[in-house]
Amino acid sequence: MAQLYYRYGTMNSGKTIEILKVAYNYEEQGKPVIIMTSALDTREELGYIASRIGIRREAYPITAQTDIFAYIKELKDRPYCVLIDECQFLTKNNVYDLARVVDELEIPVMAFGLKNDFRNELFEGSKYLLLLADKIEEIKTICHYCSKKATMVLRTENGVPVYAGEQIKIGGNETYISVCRKHYFQPKK
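Residues numbered from 1 in each chain as written. Predicted model: local features only at pLDDT ≥ 70, side-chain atom pairs only at ≥ 80, totals over all residues. Heavy atoms only, no water.

Trainee: Help me understand the packing of aromatic side chains, please; the structure alone is not making it clear to me.
Mentor: The description of an aromatic ring pair rests on the distance of the ring centres and on the angle between the ring planes. Within the structure shown, the criterion is met by six aromatic pairs. With 3.9 Å between their ring centres and 25° between their planes, Y60 and Y71 make a pair best called stacked. In this pair, Y60 is assigned in strand β5 (residues 60-62) and Y71 in helix α2 (residues 68-73), connecting sequence segments 11 residues apart. Here Y60 falls in the partly exposed class, since its relative accessible area comes to 29%. We classify Y71 as partly exposed; its relative accessible area is 24%. Ring centres 5.3 Å apart and planes at 90° place the aromatic pair Y163 and Y184 in the edge-to-face group. Here Y184 lies in helix α5 (residues 181-185) and Y163 lies in the loop between β10 (160-162) and β11 (176-179), a separation of 21 residues in the sequence. Classification of Y163 by relative accessible area gives partly exposed; the value is 35%. Taking relative accessible area as the criterion, Y184 reaches 4% and is therefore assigned buried. (Phe/Tyr/Trp six-rings, centres within 6.5 Å; stacked < 30°, edge-to-face > 60°. Helix = DSSP H or I, 4+ residues; strand = E, 2+ residues; numbered from the N terminus. Buried < 20%, exposed > 50% of the residue type's maximum accessible area, 1.4 Å probe, protein only.)

Take a look at the structure:
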């Protein structure tokens, strides 16, 4: 039975490498998958996902207007699994499309992304995945400053923590640090 999986973690928790691993496992058995990602994430290149360890792969870019259900339904080769990177940037409608892929097409969907932003607020995609997912799993990593579990993302500008501003600012290690709750509120200088 197909299910909608939501796997979330902070920056540097290995979400993209997990997608690449799952895709490899399916494809090694001759089972095609479709990899998708938010069109908002242009760190690598539009239509690609890349892990920090250097592996990259083509992915179908999702916009707010993308009809994911229709796209998957019309594919010539039916995928055995749909893998989504940067799912926090999806819209409510995108997430409902993913649920339809599971329920109507009976194709498992695994969505990977952040749960909360640098202000410690839920992203739209994360909110609706928390509401609709059949299985929710945290991918863990450790705090940048200590060995506790990182649960929050700290945005910095020139090394100084920032707690207000636009929710979405695309960046990597130069902009965001994964931290525990204590170091979110009291980052080390």
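Trainee: Hey, could you run me through the pairing of strand β6 (residues 81-85) in this one?
Mentor: Looking along a regular strand, one sees the side chains alternate between the two faces of the sheet. Most of β6 is tucked away, with five of its five residues classed as buried. Burial along β6 is two-sided: C81, L83 and D85 and V82 and I84, pointing in opposite directions, are all buried. Where strand β2 (residues 33-38) lies against β6, five bridges are found, and the strand directions are parallel. Bridge pairing in β6 places V33 opposite C81. Note: β6 against strand β7 (residues 109-113), three bridges, orientation parallel. Residue pairing across strands places V82 opposite V109, the latter belonging to β7. The parallel pair β6 and β7 is bridged by helix α3 (residues 92-105), and the resulting crossover is right-handed. (Pairing = 2+ DSSP bridges. Right-handed = clockwise from strand over helix to strand, strands pointing away.)

Trainee: What am I meant to see in a positive patch on the surface here?
Mentor: Taken together, the side chains of K148, R181, K182 and K188 present a region of like positive charge at the surface. With respect to the helices and strands, K188 occurs in the segment after α5. Here K188 falls in the partly exposed class, since its relative accessible area comes to 48%. (Patch = residues over 30% accessible without salt bridge, like charges linked within 9 Å, V, L, I, M, F, W, Y side chains within 5 Å. Areas by Shrake-Rupley, 256 points an atom, 1.4 Å probe, with all protein chains shown as cover. Salt bridge = Lys/Arg side-chain N within 4 Å of Asp/Glu carboxyl O. Lys, Arg positive; Asp, Glu negative; His and termini not counted. Charge placed at Lys NZ, Arg CZ, Asp CG, Glu CD.)

Trainee: Can you walk me through the side chain of D97 in this structure?
Mentor: Its location among the elements puts D97 in helix α3. Buried within the structure, D97 lacks any salt-bridge partner; R100 is the closest side chain of opposite charge, at an N-O distance of 4.5 Å. Not counting the four nearest positions on each side in its chain, D97 is found in contact with T66, D67, I68 and F69. (Contact = heavy atoms within 4.5 Å.)

Trainee: Sorry, what's going on with unusual backbone geometry here?
Mentor: Most peptide bonds take the trans configuration, and most residues that are not glycine carry a negative phi. Unusually for a residue other than glycine, E86 sits at a positive phi of about 55°. Residue placement: E86 occurs in the loop between β6 and α3. Its identity as a non-glycine residue notwithstanding, N120 has a phi of 70°, on the positive side. By the secondary structure assignment, N120 is in the loop between β7 and α4 (124-132).

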